[in-house]
Amino acid sequence: MKGLILALAFTLVGGQKQDLEPVFHMGKTYLYSYESIIVHGSPDRSLAMAGVRLTSQVEISRVSHSDHLLQSCFCSQIGSPKLEEHNGFWPTDPFIPSSRLSETIAACLSQPFKFEYTEGRVGSIFAPGGCPILCINLVRGILNMMQITIKKSQNVYELQEAGIEGICQTRYVIQDDSKNNRATISKSKDLTDCQEKAVENLGMAYIRPCPTCPLKEKNIKGTVTFIYQMKYGDSGASLTSAMSDQVYQISPFNEPNGAAVVEARQQLSLVDVKRSPISAPTSQLHNQGNLHYNFSGELPQMPIPLVRIKNPDLQLTETLRQLVQNNEKGATKEASAKFLQMIQLFRVATLDQIESLWLQFVNELPYRPWFLSAICAAGTTDTFRFLKQKIHDEKLSIWEAAATLPLAFHFVTPNKQTLEIASTFLTCPQIQKIVLHRIIVYLGYGSIVNKYCAQAVLCPNEPLQPLHHLATEATNKGDAKDMSLALKAIGNAGEPASIKRILKFLPTFSSAAASLPNRIHADALLALRKIARKDPVKVREITLQVFMDSTLAPNVRMVACVVLFETKPALPTVAALASSLLTEPSLQVASFAYSHMKTLAAGRIPQLYKLSAACNVAIKLLGPRLDRLSYRYSKVIQISDYSSQYQAGAIWRVYLMNSPSTMFPSDIITKVRGYYANTATDIIEVAFRSQSLIQLIRKQNIPFAEYETYKTLKELGKLLLGWKELPPEDPLISAYIKILGQDIAFVDVDKDAIQQMMMSLTGSSNWQPVVKKVVEEVQRGISGRWALPVMVGEMRHIVPTIVGLPLELGLCGAVVAQAAADVDVKVSPPVSENFRPSQLWEAKVDIHADIRPKAYFHTIAMMGINTQYFQSGLEFRAEFSANTTMKFDARINMKEKNLKIETLPCHQEAELAAVRSEVYAISRNMEEEDSEKKSQLLPKGEIPSISDHLLQSKEGSSRPGSWKQSSILNVISKGYQQGSEEAHHNSAGRRFYSRRFCRKFESLGCSTCLSIKSRNSAFLRNTYLHKLFGEFEAKIILKPVRTDADIEKIQLEVQAGSKAASKIIEVSSSGSKEEGEASPYEDIQVKLKKILGIENVFTAANKTRRRTKRINREYKNADTGLWAEPSASHLSSSSSSSAASSADGKEPGKHHRTNEIRQSGKKHGSKSSSRSSSGSSASSKACSSSSQDHSGDRHCSGDSEYSNQQANTPVYQFLFKPADEQDPGGEILNISISSSSSSASDEGLSRATSQPKFLGDSKPPILAAVLRAIHRNKQPTGLQLVLYTDTQPKRWRIQMFGSSITGPSRWKLCADASVINYRRVSGSLKWGKDCQDYHIATRIATGQFAAYPAMQMKLEWLKVPSIIRTTARWLYSVLPGAAYVLGFSQRQQLGPSHQATLVMALTSPRTCDIVFKLPELTIYDTAIRLPLPVPSHPGIPISTLPSSDWKVFSQATLSIIGSLKGHCTVFQNKITTFNGVQFNYSMPANCYHVLVQDCSPELKFLVMVKRLKESANLKAINVRLASHEVDMYVSNGLIQLKINGVQAPRDLPYTSNSAASMLISSEKKGLALKAPDYGIDKLYYDGHRIEIQAAFWMAGKTCGICGKYDAEVEREYQTPGGYLAKDAVSFGHSWIISEDPCAGACKLQHKFVKSEKPVSFEKTATKCFSVEPVLRCVKGCSATQTVPISVGFHCVPADSALSLDGQPRLDQKSEDVVSSVSAHTACSCQQQGCQA
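All values reported here derive from a predicted model rather than from experimental measurement.

A.B. asks: An account of the pattern of salt bridges is needed here, citing residue identities and associated values.
C.D. replies: Throughout the structure, instances matching the rule amount to 60 salt bridges. For Arg 308, the salt bridge is made with Glu 927, and the minimal N-O distance between the two is 3.4 Å. Taken together, the residues span a long stretch of sequence, with Arg 308 in the loop between strand 16 (285–287) and helix 4 (312–328) and Glu 927 in the loop between strand 29 (910–925) and strand 30 (933–936) at a distance of 619 residues. What makes Glu 927 buried here is its relative accessible area of 12%. Residues Lys 534 and Glu 495 are paired through a salt bridge, measuring 2.3 Å at the closest nitrogen-oxygen approach. In this pair, Lys 534 sits in the loop between helix 17 (528–531) and helix 18 (536–548) while Glu 495 sits in the loop between helix 14 (480–493) and helix 15 (499–503), placing the two residues 39 residues apart along the sequence. According to the relative accessible area criterion, Glu 495 is buried, its value standing at 6%. Linked through salt bridges whose partners overlap, the residues forming this network are Arg 208, Arg 529, Arg 533, Glu 566, Lys 671, Arg 673, Asp 682 and Glu 685.

A.B. asks: Please provide a residue-by-residue account of the sheet that holds strand 60 (residues 1566–1571), values included.
C.D. replies: With respect to topology, 8 strands assemble into an open sheet ordered 51-50-49-62-61-60-59-58, the strand pairing being antiparallel. What marks the edges here is a single partner per strand, and that holds for strand 51 (1478–1480) and strand 58 (1550–1551). In this structure, strand 60 lies alongside strand 61 (residues 1576–1581), joined through 4 bridges in antiparallel fashion. Counterpart to Leu 1567 in the pairing with strand 61 is Tyr 1581.

A.B. asks: Please give an account of the packing of helix 19 (residues 554–566) against helix 21 (residues 587–601) that cites residues and values.
C.D. replies: Close contact between helix 19 and helix 21 brings their axes to 9 Å; oriented N to C, the two are set at 20 degrees. By the criterion of interaxial angle, the relationship of helix 19 to helix 21 is roughly parallel. Crossing of helix 19 over helix 21 shows right-handed handedness. Across the interface between the two elements, Pro 554, Arg 557, Met 558, Cys 561, Val 562 and Phe 565 of helix 19 pack against Gln 588, Val 589, Phe 592, Ala 593, His 596, Met 597 and Leu 600 of helix 21. The residue inventory of the contact of helix 19 with helix 21, partitioned by class, reads 10 nonpolar, 2 polar and 1 charged.

A.B. asks: Account for the side chain of Glu 1563, naming residues and giving values.
C.D. replies: Looking at the secondary structure, you find Glu 1563 in strand 59 (residues 1559–1563). In terms of polar contacts, Glu 1563 uses its side chain to reach the side chain of Lys 1578, at 2.5 Å. In contact with Glu 1563, other than residues within four places in its own chain, are Ala 1568, Lys 1578 and Tyr 1580.

A.B. asks: Which residues make up helix 12 (residues 435–454), and what values do they have?
C.D. replies: Taking 1.5 Å of rise per residue, 20 residues should cover 28 Å, and helix 12 covers 29 Å from first to last C-alpha, within 8% of that figure. The element helix 12 is extensively covered by neighbouring structure, given that 17 of its 20 residues are classed as buried.

A.B. asks: Account for the confidence of the model for the chain, naming residues and giving values.
C.D. replies: Low-confidence regions, as indicated by low pLDDT, have predicted coordinates that should not be scrutinised in detail. Mean pLDDT for the chain: 79, with 78% of residues reaching 70 or above. Here residues 72–79 is a poorly scored stretch, pLDDT under 50, and it has 17 contacts once near neighbours within four places are set aside; other chains count. Long-range and interchain partners of residues 1223–1251, a stretch whose pLDDT sits below 50, account for 78 contacts in this model, where long-range means more than four residues apart.

A.B. asks: Account for the packing of aromatic side chains, with residues named and values stated.
C.D. replies: Summed over all chains, the structure comprises 26 aromatic pairs. Both rings, one in Phe 339 and one in Trp 370, keep their centres 6.1 Å apart while their planes meet at 70 degrees; by these two values the pair is edge-to-face. Here Phe 339 is found in helix 5 (residues 332–346), whereas its partner Trp 370 is found in helix 7 (residues 368–378), with 31 residues between them in sequence. Residue Phe 339 shares its accessibility class with Trp 370, and that shared class is buried. Consider the rings of Phe 1479 and Phe 1627, whose centres lie 5.9 Å apart with planes at 75 degrees: the pair is edge-to-face. Within this pair, whereas Phe 1479 is found in strand 51, its partner Phe 1627 is found in helix 40 (residues 1624–1630), the two being separated by 148 residues in sequence. Put simply, the rings of Phe 24, Tyr 30, Phe 115 and Tyr 117 touch in pairs and so form one group of aromatic residues. The positively charged end of Lys 488 is found above the aromatic ring belonging to Phe 746, 5.5 Å away from the centroid. Between the NZ or CZ atom of Arg 557 and the centre of the ring of Phe 547, over which it lies, the distance is 5.5 Å.

A.B. asks: An account of the environment of His 848 is requested, with residue identities and associated values reported.
C.D. replies: You can see His 848 is positioned in strand 25 (residues 844–866). Among the residues examined, His 848 registers a relative accessible area of 38% and is labelled partly exposed. Taking the C-alpha atoms as reference, His 848 lies 6.5 Å from Val 825; in sequence the two are 23 residues apart. Setting aside anything within four residues of it in sequence, one finds His 848 in contact with Asp 822, Val 823, Asp 824, Phe 888 and Asp 889. A distance of 2.5 Å separates polar atoms of two side chains, one belonging to His 848 and the other to Asp 889.

A.B. asks: Any chance you could break down the environment of Val 1282 for me, citing the residues and the numbers?
C.D. replies: By the element assignment, Val 1282 lies in strand 39 (residues 1277–1288). Residue Val 1282 is classed as buried on the basis of its relative accessible area of 1%. Residues Val 1282 and Ile 1262, spaced 20 residues apart in sequence, show a C-alpha to C-alpha distance of 7.8 Å.

So, how was this worked out
Residues numbered from 1 in each chain as written. Predicted model: local features only at pLDDT ≥ 70, side-chain atom pairs only at ≥ 80, totals over all residues. Heavy atoms only, no water. Salt bridge = Lys/Arg side-chain N within 4 Å of Asp/Glu carboxyl O. Helix = DSSP H or I, 4+ residues; strand = E, 2+ residues; numbered from the N terminus. Buried < 20%, exposed > 50% of the residue type's maximum accessible area, 1.4 Å probe, protein only. Pairing = 2+ DSSP bridges. Axes fitted to C-alpha atoms, helices over the stretch in contact; angles between N-to-C directions. Parallel < 35°, antiparallel > 145°, perpendicular 65-115°, else oblique. Left-handed = near helix turned anticlockwise from the far one by under 90°. Contact = heavy atoms within 4.5 Å. Nonpolar A, V, L, I, M, F, W, Y, C, P; charged D, E, K, R; others polar. Polar contact = N/O pair within 3.5 Å; in protein donor to acceptor, adjacent residues only side chain to side chain. Expected span 1.5 Å × (residues − 1). pLDDT = per-residue confidence, 0-100. Phe/Tyr/Trp six-rings, centres within 6.5 Å; stacked < 30°, edge-to-face > 60°. Lys NZ or Arg CZ within 6 Å of the ring centre and 35° of its normal.

Laid out in structure tokens, this is it:
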């Protein structure tokens, strides 16, 4: 055993691993050769690349036990590093040395550096003072190769290792060659899995990363590998060589095959070991930290071309002068580039230099906008301080400050210094006195705090103190505007430390906040949204409590719901919220929360997957009741899309928050949020809030409080226990806008401001001087030049490479908008002292205008090395420019109704708009500023020239995956000719594309062209990135066209009124005096008809009308394809059309494809059942196709009943029957899908749109317009247009004719539209030779679809131009996909080949069916919800509806508006409230009930009703309005009317003389009262039936038996005290008005009662009293009729002193038990004690 142990010990000693940490011995110098390369480009080596190579020699010597000296030198000959640049194609283009830049770098690298090195790990690094950061980082890159962590007990292991990239997960693999005393060490790092990662993000403070998203969604991925060769011996291990390779893959569009690559390599090889050590440095070395990369040196350099900064103040002066000069010359491209350079210079300028430049240009107005905009964009501490000083000194105007402040706060770099400066803005007196500036500053300060705290782990409280102080001060003063400002600024800051301040504004947590306006409560909740990103648990707890607090206003609770879901709650919280909706008393809140959960459940955003799943489960807990609520209730609407392939998407969400007191949303919030990779950004959010705006529309200044009704209602309130009028609401408009999640502006317009605006617009007595002043200002003219430069954004993502150089992904953009205007206006006669606005209708206005607007947008994106010394990488440039010139003279003759505009023709080519982009491989260095190296990614090639004549080509192919590519797109392109120039060129692996579309206007001497050129690398890989690699240009050009005679000017003249005809004659006669003289109307008519060529048009129409039926029949029998152009063979014989149909690839027997496409998960069962139940009652002639041949004929089997078939018939097989063609025995079921089924309607459409009546035979034109070109020695050329109208009681028609003003041309345009009767509207458009070349017709008709009223829109085309066919083909290709996304079903079936039909059938007031038929596709859906109810009576034939005249269309609109109003009906014992709740209630006789009254503070009206004792069905009403008391009752079988106690005369109508009108008139069998100014649109009474229609602005302001008119049906039975009655009877009893028992006929009164049933709690005897009064007969009367009701009781111990004596306020007690008691409804009074 001892021997075994000894042998094992020797084995362990012999197998012990050799120490592999590199060892550098004292007194020796180790000489290494070093080489590093970085290249940027595409994985495809065929594209251009850019790169940098650095070679040098490295000497390492140990000067102490832990310190080493490192000195870099280049060979022995030069002694300095060598930097080389590569720009071009690898490997044909070599690296080119940059000697001057090498010398610059050598100046710092040749100095000695010292570093700590222990057991293979690098510690602190020491460098000489003043050494550039770039050089220190290059040294870090070298030393990073020497970072080795050895574990002696393992050969394969993982650990967290520090490096230049940060602390990253590293895997080691050691291979030991003990025979040769060598070892190979390999290590690799995943650069996406790092702690304390070295990364710098600029301009991305508002982009939120997703910490839970998987790494695969990252669009930047990187890895690095190291291989070390070690040689060891007795004296230790030495590093003989080291190699590293780093790869970054950057995919902007998250495409696996579409990625750019950055590759960095290093090699360190041992060359020699010298005996002599490096001499110790004489200068002092400073500690520069460890291996972790330092970014500070690279940040000032923007991703723009390098600017060598020598003298910033002189360079700024020169740049600013060049910039303004370029702008004045119109060189916006150069001005934009100079503007970005000036921003770069401002970032390195000192405060004194900025001040000096300001003093130099302060008085030169063209320089100020450029200067101030660049100052804001620079964002440094000095520029921010400078701006603060200028505002304090009032050197900026109000509008200059308002424009610069938001930009300055947005772009400033957040640090302690800028925070201190920003806090001084808050106390600046010049800021405080201007409200707009104050709002901007506070909101901007909150944003700076947010960006500053985002950089710190724990944000200090000091920056938040100014905002908290503002909130406290506003609360103490009761200033609602400052409260809102403080809350929005706190919301911008988004710090959890502000939660306690916010809770003070929420009534749930602070009783003092109950008196604050609801909008303050909502603002407090919205301030929690950004805080929720840092502390979601706390915010979730707060918002859930607020949402559950039913005492708060509904809109406040809905805002709490929005914020709650922003915290992304888990399933338990969402389920708890959903369960609370089952008992939610407010349907507004329930509808909103349910709608919000439903939209979230349907989302596909990965970052919301867990929330979507939770909502999907939660909504299943709720029934479909909430889903059926109308748009009268609050909703959330969402449109979203997300591409999993590209990890990008967006959400557009609209929150519609309705108020019980309004019919329309009182709060609307809409926002757009974008998602990209694993980030999210709130792009924009806009909100609008309104309150009581309807008061502004109503008639004002009505003294309701002075009328008798107001006093009566005040007294009545004392009789109704607990009744209180609603609190007053002042009109208010509030709005805010958020950009990138930050409030940047908001406005609160209160009652006073609104009234001032309304008075100035409508009711002001001084509006005439205002108009006069405006006219005088206009006459002075406008002249000037304006420029607005703005840097729209700068985003930079920087990570280190192993070489020590920064890899940057940068993007910056600038926009320059400028305008020059010179407008001169003259009004004749001139404005006099006694000016009246009516004089303008007789004035002549001459305008001379020269306006030149221009805009230029410039974007630069860079991927590569970006330092202050050199740049190398890929650069993307994109620009958009728009440029136009509007130079014209206009004369307006108001009296003659004449407008004439003249302008010059285009004499030279002008570019109106252009978009260009290009990608280059660039190499720049500061020492050789003028020798920029730039290579196009694709090898340069010539774009082939294109001839000037138009090329003709055919397109007969479709992209893969097209839903019907073989049988549709071929026939679409049949006979299609492109009006464009196109060229494709593939050669030597390069692809060019060029296309030009032109449209000539020879009569005007100009043409417009769209030119597109593209050259990219998509032929290598079909990805978006490869499509971007290359060049692209698209531009719109306006250029002159050569004509026979020169054009002097272009003139547009419009003449309205009686002189329209003479204007056309005057133009055609070319100014001939004889023809221009006045003539009788007949002569003018004949001349005008001859000039327009009307005779030719109608002659040609008569000739072709005989062919129309035959053409239509041939189109029906031969399927010529979708939007195919008819050829001569089609029009001549049916056999050729049949051949063409077969040539299109359609096979016999393929006409009836029954495959349908339905959206997955869509529920069709309910829709089918509704269709079945409705369709079973209809009967028709059925036409079955037992045999179908290729021509599409069908065979009918005669008349039969098809109720069973119709019940199961798909909706698309029903046939629309127009109202004027309905026949009870006609067919309504279209079993056959042949195209011949609609031949009759097609011919009817042709007849309707081809009426040969010319309105000019009986009517003069009402409008004439002439567009002409005036030539020097030739008659004018151009176009003329004439408009005719004919209005009759049952018919309305309009005709428009356009033609050339030159005689020989027969090209014409004819448009005809008419309303034939109330059931049909038709129109047609024809153009070409005598209006016969092209023809489009349309018809809109009402009718019947199955058993439902419906409307049909039909479009028919015989022949259309190629551009329309191209557009239609594109629409046809995207329509199936769009229909699928929207949830529509689809069916492929043949129909009329030149017709499209849309049928909308109203199946209920809130649902409709839609069938959209195209030639070869049918799209349909059933039971689609409508946003508003449409009054209809399903099942009633349309022919039975009243057919007064065509105004039924406008009447339908009025019916929809009327449906928004509240309707309350009382008929016999059935009552229907304003909210649509129906209940039965038998009124006690002779007792007045409050049917409806105004419960607002105005107390405008009261309507009371009572049942007459003579009959159970007869009612009497009493109406109180203003000073009027109106009684309507039945006596002796006749309706009686009393006004103020006096019998009204029989000669109705009766009209009041008060400030607010009242009208009483006879209607049907009763009386109608209308008082719209009081809120009663109509009250109808006939003794048995009472109908009240309240104005929609009375919503939420009524009370009584008719309800509150607030859509809250769950709270309909509210008593006067707000108590919710248990049943309808007790609800009706609560609104009975008690009378004097001796003077009135009603002997009932309200009394609290004691429960007669013994009740005990926990074996303790109690007595219980009702919390609501119960009807009882008055003293001295006994009950003859009773009814049981349910009442709540409050219980106290039996020995309690509480009793009914003195009628205590038991309604304020809690409800302990519910019990049934008897309420008296009729009394017998034989012993009533009344004094005589």
